[in-house]
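In case you want the letters, here they are:
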Amino acid sequence: MKALQKFLVSFFLSLVVLFNTSVYSQAPDSTQSDMYNHAIQFYLVNEIIVAYKHNIASNSAIRFLVNATGLFKDKISDEQIIYENRYGLVQEREIINYVVNEHFYETKIQYLYSIDINKLLVFYFGGGPLFNYQFRNSEGSDKRYNSSDSITYSYSNQTIERNLGLGISALAGLDCNIYENINMFVEYEGLVTRSWQRREFISNVTYLDYLDFNIWTFELKGLRMGLSVNF
């Protein structure tokens, strides 16, 4: 995935060089982005993010982002491990099943301030509040059979995690017009988040247990790329 990121960023920078070498040969005297006040943005690397951007002035905008990765991450993975151990006439057999469901959703509101570098290339920076929610449910079962005493042992467990987060994002990026109302952008983002997490343990051999956490996290998202459709 990191190799893909490097390739896409290099591709973006190549486009910037290409279009900037030809920018002064274009007829219009104004930038393409001056014609539009709205944009729909799609992120292309790692996460599934869609954003709506509204220009409130010639050099500033408000952007609303939705991380929809959780909609496509309803992952149910079944893992079954079967093995046998023999100790003379004693034979042991164990079967383990493991299922995980995980979802993550996040929304952000960001204020962006932009500085025109030339007719096609824009540098921007900004930030704003964020809210996220994460849910994880893992279930496991373990069955063991011992041939020496014909005893079957069965154990099941479930862990449920719910996480609510509030924080602030800060970012900086470059935006380049590549064709009429289509722009390509690359940006770097950092997040500071305060999370409230509850973790529940349920099993057939122990009582229900709870753990609550208050967590501060700082995360650098790294370079991410996307396309903007202006209208």
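Note that this is a predicted model, so its numbers are computed, not measured. (Residues numbered from 1 in each chain as written. Predicted model: local features only at pLDDT ≥ 70, side-chain atom pairs only at ≥ 80, totals over all residues. Heavy atoms only, no water.)

Trainee: Explain the overall build of the protein chain to me, please; I cannot follow it from the model alone.
Mentor: Helices and strands together make up the secondary structure of the protein chain, namely one helix and nine strands. Listed by position from the N terminus, the elements making up the protein chain come as α-β-β-β-β-β-β-β-β-β. Here the protein chain holds 231 residues, and 37% of them are scored as buried. Of all intrachain contacts in the protein chain linking residues separated by at least 6 positions in sequence, the fraction that spans at least 24 positions is 65%. Accessible area for the protein chain stands at about 13800 Å²; split by element, carbon and sulfur atoms hold 61% of it. (Helix = DSSP H or I, 4+ residues; strand = E, 2+ residues; numbered from the N terminus. Buried < 20%, exposed > 50% of the residue type's maximum accessible area, 1.4 Å probe, protein only. Contact = heavy atoms within 4.5 Å. Areas by Shrake-Rupley, 256 points an atom, 1.4 Å probe, with all protein chains shown as cover.)

Trainee: Got a minute to help me understand the nonpolar core in this structure?
Mentor: The nonpolar side chains of a soluble globular protein tend to be buried, and buried together. Counting residues in hydrophobic clusters, the biggest one holds eight residues: Tyr-43, Ile-49, Ala-51, Leu-65, Leu-112, Tyr-124, Leu-171 and Phe-185. When near neighbours in sequence (up to four residues on either side) are disregarded, Ala-51 contacts Ala-39, Ile-40, Gln-41, Arg-63, Phe-64 and Leu-65. Counting residues in hydrophobic clusters, the runner-up holds seven residues, among them Val-45, Ile-178, Val-186 and Met-225. (Core = buried A, V, L, I, M, F, W, Y, C linked by side-chain atoms within 4.5 Å.)

Trainee: What is the right way to look at the environment of Ser-156 in this model?
Mentor: Looking at the secondary structure, you find Ser-156 in strand S7 (residues 151-179). On the accessibility criterion, Ser-156 (31% relative accessible area) is partly exposed. Measuring from C-alpha to C-alpha, the distance between Ser-156 and Asn-204 comes to 5.9 Å, with 48 residues separating the pair along the chain. Sequence-distant contacts of Ser-156, that is, excluding residues within four places in its chain, are made with Gly-140, Ser-141, Ile-202, Ser-203 and Asn-204.

Trainee: Help me understand the layout of surface pockets, please; the structure alone is not making it clear to me.
Mentor: Over the atoms a probe the size of a water molecule is rolled, and this reveals where empty space is left. Roughly 300 Å³ of volume is contained in the second largest pocket. If you trace the second largest pocket, you find 18 residues lining it, with Phe-104, Asn-132, Gln-134, Asn-163 and Glu-219 closest to the centre. Looking at which element gives the most residues to the lining of the second largest pocket, the answer is strand S8 (residues 182-203), with five residues. For the lining of the second largest pocket, the class distribution of residues is five nonpolar, seven polar and six charged. (1 Å grid on protein atoms, 1.4 Å probe; cavity = no way out; pocket = protein on both sides within 12 Å on 5 of 7 lines; lining within 4 Å. Points joined across faces, edges and corners; volume = space filled by probe spheres on them. Nonpolar A, V, L, I, M, F, W, Y, C, P; charged D, E, K, R; others polar.)

Trainee: Just to check I follow, could you spell out the packing of aromatic side chains for this structure?
Mentor: Remark: the centre distance and the inter-plane angle together describe each pair of aromatic rings, the angle taken between the planes. Counted by the stated rule, this structure contains three aromatic pairs. Ring geometry for Tyr-43 versus Phe-185: centroids 5.2 Å apart, planes at 75°, classification edge-to-face. Remark: Phe-185 occurs in strand S8 and Tyr-43 occurs in strand S1 (residues 38-43); sequence separation between them is 142 residues. The two residues Tyr-43 and Phe-185 agree in class, both being buried. Ring centres of Tyr-113 and Phe-125 lie 5.8 Å apart, and the angle between their planes is 50°; this geometry places the pair in the tilted category. Remark: Phe-125 occurs in strand S6 (residues 121-146) and Tyr-113 occurs in strand S5 (residues 90-116); sequence separation between them is twelve residues. (Phe/Tyr/Trp six-rings, centres within 6.5 Å; stacked < 30°, edge-to-face > 60°.)

Trainee: Which parts of the structure should I look at to understand unusual backbone geometry?
Mentor: If a residue is not glycine, its phi is most likely negative; likewise, a peptide bond is most likely trans. A positive phi angle is found at Glu-180, which is not glycine, with a value near 45°. Within the secondary structure, Glu-180 sits in the loop between S7 and S8.

Trainee: Any chance you could explain the environment of Asp-175 here in plain terms?
Mentor: Locating Asp-175 in the fold gives a position in strand S7. Every residue in contact with Asp-175, bar those within four places of it in the chain, is listed here: Leu-120, Leu-121, Val-122, Tyr-124, Asn-183, Met-184, Phe-185 and Ser-228. A distance of 2.5 Å separates a polar atom in the side chain of Asp-175 from a polar atom in the side chain of Asn-183. (Polar contact = N/O pair within 3.5 Å; in protein donor to acceptor, adjacent residues only side chain to side chain.)

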